[in-house]
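Architecture and fold: a report
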Amino acid sequence: MSQSHLACLLAACMPPQARAQDASMPQARLEQVARAWVQRRVQAMGVPTARIEVLLLPAARRPPDCARPLQVEVAEVAADERFDRLQLLVRCPGGGEVRFAARAGAYVDAVVARGEVEAGQPLRAEALGTGEQDLAAIPDLLLSPDQAAGYRARRTLRAGQPLRRSLLQGGSAVARGQPLRIVATGQGFQTAIAGTALEDGGVGDSVRIRNTSTGKTTRARVLAPGVVGLEAEAAP
């Protein structure tokens, strides 16, 4: 899609003078919406800061003609899914819709293997280091060596390879009675709330949990030590 088409995206219904003054606004707004979404996702995962990058990809279709301001939102991404490729929905209220694609990165300090670790070996602190990794592409990254305590390598790890929860075996990520961070996602939003585990479980397991504020119980999938995820429809 040409730069001129992008320049029309959210200013189609503006007077000519406003379009001329804000010709660069549409692409900037799309990137702003995507960047804000990634920031919220990262914070909902319990990560306070990350180096975020967003690149809007060329599009084959033009945005719909609209007499009203166009609406922009990011298509829903489940709590445990990677979010390095986003779909931005551009809608005309009561009219058509066009999807734009964007690449996203959320770079954080994450745990990596200092050297080769053979499959089945305990993940000891001296064998682990840290390095910048993309949380958007690998959402189950370990962010602290403490998160590997009590686990073993599921398969042989190479030097410099980032540790992710799917590479761990053994140990319990949550224990009955343990305080939890419950990550909930839905169409256009995501949030994190406090809860309590009602049973033990490892990464990837489905466990019963209780919402601290409402007292309601439901099931959620263990994403990391002390972190579980669920869809908004199942929010307790």
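Below or above, wherever it landed, is the structure these notes cover. (Residues numbered from 1 in each chain as written. Predicted model: local features only at pLDDT ≥ 70, side-chain atom pairs only at ≥ 80, totals over all residues. Heavy atoms only, no water.)

As for the overall build of the protein chain
Scanning the protein chain from N- to C-terminus turns up three helices and twelve strands. Split into buried and exposed, the 236 residues of the protein chain put 44% on the buried side. Restricting the contact set of the protein chain to residue pairs at least 6 apart, pairs at least 24 apart contribute 55%. Here the protein chain has roughly 11800 Å² of accessible surface; of this, 46% comes from carbon and sulfur atoms. (Helix = DSSP H or I, 4+ residues; strand = E, 2+ residues; numbered from the N terminus. Buried < 20%, exposed > 50% of the residue type's maximum accessible area, 1.4 Å probe, protein only. Contact = heavy atoms within 4.5 Å. Areas by Shrake-Rupley, 256 points an atom, 1.4 Å probe, with all protein chains shown as cover.)

So, the environment of alanine 197
Along the chain, the position of alanine 197 falls in strand E9 (residues 189–197). Owing to a relative accessible area of 1%, alanine 197 belongs among the buried residues under this scheme. Those residues within four positions of alanine 197 in sequence are excluded, and the remaining contacts are Val174, Ala175, Arg176, Gly177, Gln178, Leu180 and Arg208.

Some words on the nonpolar core
Formed by 34 residues in total, the largest nonpolar core has its most connected members in Val38, Phe83, Leu86, Leu88, Phe100 and Leu135. Mapped onto this core, the elements with two or more residues apiece are helix H3 (25–44), strand E1 (51–56), strand E2 (71–74), strand E3 (85–91) and strand E4 (97–113). Ranked by residue count, the leading element in this core is E4, at seven residues. What phenylalanine 83 contacts, discounting residues up to four positions off in sequence, is Trp37, Val38, Arg41, Val42, Met45, Val77, Ala104, Ala106, Leu135, Ala136 and Pro139. Ranked by size, the runner-up nonpolar core spans 25 residues in total, among them Val111, Tyr151, Ala153 and Leu163. (Core = buried A, V, L, I, M, F, W, Y, C linked by side-chain atoms within 4.5 Å.)

What to know about the layout of surface pockets
One number sums up the size of the largest pocket: a volume of about 350 Å³. In terms of lining, the largest pocket is formed by 22 residues, of which the most central are Pro139, Asp140, Arg165, Leu223 and Ala224. Sort the elements by how many residues they give to the lining of the largest pocket and strand E11 (residues 217–224) lands first, with four residues. (1 Å grid on protein atoms, 1.4 Å probe; cavity = no way out; pocket = protein on both sides within 12 Å on 5 of 7 lines; lining within 4 Å. Points joined across faces, edges and corners; volume = space filled by probe spheres on them.)

Considering the pattern of salt bridges
Scanning all chains against the criterion turns up eight salt bridges. One salt bridge connects glutamate 132 with arginine 51, and the closest N-O pair in it is separated by 2.8 Å. Separated by 81 residues along the polypeptide, glutamate 132 in strand E5 (residues 128–134) and arginine 51 in strand E1 bring together distant segments of the chain. Among the residues examined, arginine 51 registers a relative accessible area of 37% and is labelled partly exposed. We note a salt bridge from arginine 82 to aspartate 84, for which the minimum N-O separation is 2.6 Å. (Salt bridge = Lys/Arg side-chain N within 4 Å of Asp/Glu carboxyl O.)

A few points about the packing of aromatic side chains
In this structure the tally under the stated criterion is one aromatic pair. Residues tryptophan 37 and phenylalanine 83 carry aromatic rings whose centres are separated by 6.0 Å and whose planes lie at 65 degrees to one another, so their mutual orientation is edge-to-face. In this pair, tryptophan 37 is assigned in helix H3 and phenylalanine 83 in the loop between E2 and E3, connecting sequence segments 46 residues apart. (Phe/Tyr/Trp six-rings, centres within 6.5 Å; stacked < 30°, edge-to-face > 60°.)

As for the environment of serine 144
Counting through the fold element by element, serine 144 comes out in the loop between E5 and strand E6 (152–153). The class of serine 144 is partly exposed, set by a relative accessible area of 24%. On a C-alpha basis, the gap between serine 144 and alanine 110 in space is 6.7 Å, while along the polypeptide they are 34 residues apart.

Description of the pairing of strand E10 (residues 206–211)
In E10, alternate side chains face the same way, and those of Val207, Ile209 and Asn211 are buried while those of Ser206, Arg208 and Arg210 on the opposite face are not. In this sheet, E11 lies alongside E10 in antiparallel orientation, the contact comprising five bridges. The residue of E11 that forms the bridge with serine 206 is arginine 221. Between E10 and E11, which pair antiparallel one after the other, the connecting turn spans five residues, and glycine 215 there sits at a positive phi close to 80 degrees. (Pairing = 2+ DSSP bridges.)

Topic: the environment of isoleucine 138
Along the polypeptide, isoleucine 138 turns up in the loop between E5 and E6. Taking C-alpha positions, isoleucine 138 is 7.5 Å from arginine 164, a pair spaced 26 residues apart along the chain.

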